[in-house]
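Chains, contacts and geometry: an overview
As a plain string of letters, each chain reads:
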Amino acid sequence: MKKLVFTLLAAGSLLFANSTTDVQAQTTQDNAPTSYETSESTVEQVAASKATAKSGTFKMKYNSNVRADAGTKYKVVTMAKKGSIATATHQKKVGKSTWYKVKVNGKSGWVLSTLLTSTTVKKASVKTASSSSVVSAALSLKGIPYKFGGTTRAGFDCSGFVQYAYKQAGKSVSRTTTSQFAETYTVSSPQPGDLVFFANTYRAGISHVGIYIGNNQFVHSGGAKAEVKSMNDPYWGKKFHSFKRF
């Protein structure tokens, strides 16, 4: 009888010891020096709240696992190294902890908020052209003949005219009407120096561009030469498509 009791106690102790080892192994894995996560139990996750919007730029405090969802039970999408820059898009509460969905290493995933620190990413300085200098450069080209494919003072086509004027004002832009249309964004209230696009002139779709100079006027290379036209021009007014800005 004593032998039976001893055997049962020994078996119970072994089972308890194995269970503790599994928990410790999981905790050690998720909180090792090379990859940090949550201090909460990793055996069972508390139900997560609904994700809400979150914005901000952060830096990783440690080498950290980025997971498929908020909680350590989800698979690791990537491991972000200490110092990596992460951009937050959403957040969730899991128990008392907050997780952020971030974009890092070219991937999206969830990371514990306490493993992040706010930071400001300095944008590379970009040489831009002031609206007044663009307009001045464009107006100085009035009278130069229109030339299909032209990019110099010997003659300009519409996009060559825009490219040259912007270059004179200190900004490098692409060469064709369609590429200039693609690299700009639409504005509803134009400012001098913005681009004016027209459609269905000599071809279907976006086919002509000029530079808005204010007072409902634009300057372009079209017809016989570079000249100023009204947005209400009988021809151009009907072909107007949009105002866009670099």
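Overview of the structure. (Residues numbered from 1 in each chain as written. Predicted model: local features only at pLDDT ≥ 70, side-chain atom pairs only at ≥ 80, totals over all residues. Heavy atoms only, no water.)

1. What to know about the overall build of the protein
Looking only at helices and strands, the protein features 5 helices and 15 strands. Burial status across the protein gives 37% buried among its 246 residues. The contacts in the protein between residues at least 6 apart in sequence include a share of 54% that link residues at least 24 apart. (Helix = DSSP H or I, 4+ residues; strand = E, 2+ residues; numbered from the N terminus. Buried < 20%, exposed > 50% of the residue type's maximum accessible area, 1.4 Å probe, protein only. Contact = heavy atoms within 4.5 Å.)

2. Some thoughts on the environment of G214
As for its placement among the helices and strands, G214 is situated in strand β12 (residues 206-214). In this structure, the C-alpha to C-alpha distance between G214 and P192, residues 22 residues apart in sequence, is 5.1 Å.

3. Concerning a nonpolar patch on the surface
There is a patch of nonpolar side chains on the surface, built from Y146, F148 and Y202 and spanning about 380 Å² of accessible area. Structurally, the position occupied by Y146 is in the loop between α2 (131-139) and β8 (151-152). With a relative accessible area of 31%, Y146 lands in the partly exposed category. (Patch = residues over 30% accessible without salt bridge, like charges linked within 9 Å, V, L, I, M, F, W, Y side chains within 5 Å. Areas by Shrake-Rupley, 256 points an atom, 1.4 Å probe, with all protein chains shown as cover. Salt bridge = Lys/Arg side-chain N within 4 Å of Asp/Glu carboxyl O.)

4. A look at the side chain of S221
Considering the arrangement of structural elements, one finds S221 in strand β13 (residues 217-222). Among the polar contacts made by the side chain of S221, one reaches the main-chain carbonyl oxygen of F156 at a distance of 2.8 Å. (Polar contact = N/O pair within 3.5 Å; in protein donor to acceptor, adjacent residues only side chain to side chain.)

5. Remarks on unusual backbone geometry
Although it is not a glycine, N105 sits at a positive phi angle of roughly 55°. With respect to the helices and strands, the residue N105 is situated in the loop between β5 (97-104) and β6 (107-112). At N215, a position not held by glycine, the phi torsion is positive, near 55°. Locating N215 in the fold gives a position in the loop between β12 and β13. Of the residues examined, N215 reaches a relative accessible area of 73% and is grouped as exposed.

6. Comments concerning the nonpolar core
Grouped together as the largest cluster of nonpolar side chains are 24 residues, with contacts concentrated most on L141, F161, Y166, L195 and I211. When residues of this core are traced back to their parent elements, those giving at least two are α2, α3 (158-168), β11 (195-199) and β12. Of the residues forming this core, the biggest block, 6 residues, is contributed by α3. With sequence-adjacent residues up to four places away left out, L195 is seen in contact with V162, Y166, Q180, T184, V209, G210, I211, S242, F243, K244 and F246. Ranked by size, the runner-up nonpolar core spans 17 residues in total, among them F58, V94, W99 and L116. (Core = buried A, V, L, I, M, F, W, Y, C linked by side-chain atoms within 4.5 Å.)

7. Brief notes about the pairing of β5
For β5, a buried count of 6 out of 8 residues is recorded, marking the element as mostly surrounded by other parts of the structure. Where strand β4 (residues 85-94) meets β5, 7 bridges bridge the pair, whose relative direction is antiparallel. Counted as the bridge partner of K92 is W99 from β5. Here β4 folds back onto β5 in antiparallel fashion, the turn holding 2 residues, of which G95 has a positive phi close to 65°. Here β5 hands over to β6 after 2 residues, with N105 in that stretch at a positive phi of 55°. (Pairing = 2+ DSSP bridges.)

8. A short note on the pairing of β6
When β5 meets β6, the two strands line up antiparallel, connected through 6 bridges. Residue pairing across strands places K101 opposite W110, the latter belonging to β6.

9. A short note on α2
Listing the buried residues of α2 in full gives V134, V135, A137 and A138. All buried residues of α2 project into a common sector of 165° when viewed along the axis, lining one side. Each element contacted by the buried residues of α2 is listed here: α3, β12 and β13. (Arc of directions from axis to C-beta.)

10. Here we look at the environment of K229
Note that K229 resides in strand β14 (residues 225-230). Sequence separation between K229 and G210 is 19 residues; the distance between their C-alpha atoms is 9.6 Å. Leave out the neighbours within four places in its chain, and K229 touches N216, Q217, F218, H220 and W236.

11. Some details on the pattern of salt bridges
Evaluation of the coordinates by the stated rule reveals 4 salt bridges. The shortest N-O distance in the salt bridge between R175 and D157 comes to 3.0 Å. Residue R175 is found in the loop between α3 and α4 (177-182), and its partner D157 is found in the loop between β9 (155-156) and α3; the two are separated by 18 residues along the sequence. The class for R175 is partly exposed, based on a relative accessible area of 25%.

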